[in-house]
Amino acid sequence: MDNITRRNFGKLSLSAAGALSLGGISQISAAASANSKVVLAVAGIRSRGRQLAENFAGIKDCEVKYVIDVDSRYLDHAAKSVEQKQGKAPKAIKDYREALDDKDVHGLVVATPEHWHAPMSIEAVKAGKHVYVEKPCCHNPAEGEMLVEAMNKYDKLIQMGNQRRSFRIVEQMIDEIRSGEIGRPYFARTWYSRKRGPIGKGKVIDVPSYLDWELWQGPAPREEYRDNVHPYNWHWFWNWGTGEALNNGTHELDVARWALGVDFPTKVTSLGGRYHYPKDDWEFFDTQNISVEFEGDKLITWEGISSASMKICGHSRGALIQGTKGYVEYGSSSYKVFDLNGKLLRHEDQAAKSKDSTNVIDPGLNDYHAENFVYSILGKDSINSPVDEGYKSILLGLLGNIAAKTSTMLHCDPKNGHILDNPDAQRYWRRVYEPGWEPKV
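Residues numbered from 1 in each chain as written. Predicted model: local features only at pLDDT ≥ 70, side-chain atom pairs only at ≥ 80, totals over all residues. Heavy atoms only, no water.

Looking at an unreviewed UniProt entry, one finds the protein chain named Inositol 2-dehydrogenase, with Sedimentisphaera salicampi as its source organism.

Spelled out as structure tokens, the structure:
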């Protein structure tokens, strides 16, 4: 296929688009059900995407037909690892449109850089495909709203990769909080820390022969290729990434919002800066604190530390959920329940349960988010994190970044999270796109 260009972006060959609904299940879903197998394409396969491709390939009723990346260095390794899992080699391609044009493909898994998450997902559902999009589902709030619109308009599943929605231990914890274990939950403190080094000052160099820089940039305004952006440090640039609050904070913020039972916020404040390595190209915050208030007197905070592996309550990432009768301390694969005096009442450990031969419920050390997506396409399950729910959690981090960038307190509409009476902040609700590459539902 010819390289994608800004002139033909959005003018996809929609051979699978516009599938008519049959009893609430689209034709492409009906085909998947008839074959009892879901066929997927995975875009962005350097690291997380390769893990996802291997995961999906290991599911009995799933086949990964395509692995996709604009950097040719990663294709062969990903294709071989998928083949080992499913006994059949996938096609290794550069341009995701080829997979969208394949009528046998039921879904697209999006694990690209974040500026591509929403635009690629929107094009996929327009082409009649279901979507599993890694967190964050969008680069800015407007894209999140577009994803929700696209999911409803084209009657396709869009699952966001906030995998803790499919952790057995987290489901159990949320059930206990809902049952009144700690009384009325009203405050959640969340955090993430990791020791990341400086990224230096990038030098403009020729684009490597193995990389399609035009397609990599896609909907983002064009910049010259620099030697400290690809393949990972794009996370720390506003043009392509969303910083640590969305890169990792998403997970704990999502657990906190789930635990407190809240949707859109009323107030958001944040302070942060590049405090540890102030002289490099890193544009986001290596140290940040976000506070989010909701109706019903509920509050969530997130603390991000990107220059040290600092542990809080023994965890480098986690959440404390405060209620009127006690609190819960959560740390990825376990949680502890305390009374208001700090007395430990119970410790639930996922790893310990997996070793208990008397435990009849498989706690699943690994999440079952991918399986949940596959079996939802087959009509045997319902997705745990539809994008209209996932977007609400993403919005908390996005608003936190906007508040920090503008040094203002954001007052928000609790019906949809929209920023009120703050023109400086409101202009960050959406981004500027490369002309001709604007996503359209």
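**Re the environment of F338**
By secondary structure assignment, the location of F338 is in strand β15 (residues 334–339). In this structure F338 comes out as buried when scored by relative accessible area, which is 11%. Along the sequence, F338 and K325 sit 13 residues apart, while their C-alpha atoms lie 8.9 Å from each other. If near-sequence neighbours (up to four positions away) are discounted, F338 is found in contact with G326, Y327, E329, K343, L344 and L345. (Helix = DSSP H or I, 4+ residues; strand = E, 2+ residues; numbered from the N terminus. Buried < 20%, exposed > 50% of the residue type's maximum accessible area, 1.4 Å probe, protein only. Contact = heavy atoms within 4.5 Å.)

**So, the confidence of the model for the protein chain**
Mean pLDDT over the protein chain: 91, with 88% of residues reaching 70 or higher. Counting contacts from residues 1–28, a segment whose pLDDT is below 50, to residues more than four positions away or on other chains yields 67 contacts. Low confidence marks residues 356–365, where pLDDT is under 50. Its contacts with residues over four positions away, or in another chain, come to 11 contacts. (pLDDT = per-residue confidence, 0-100.)

**Structural notes on the pattern of salt bridges**
Charged atoms that come close allow side chains of opposite charge to pair. All chains considered together, the criterion is met by 31 salt bridges. As a salt-bridge pair, D71 and R73 come within 2.7 Å of each other at their nearest N and O atoms. A salt bridge links D263 to R257, with the shortest nitrogen-to-oxygen separation between them at 3.6 Å. Connected via shared salt-bridge partners are K65, D102, K103 and D104. (Salt bridge = Lys/Arg side-chain N within 4 Å of Asp/Glu carboxyl O.)

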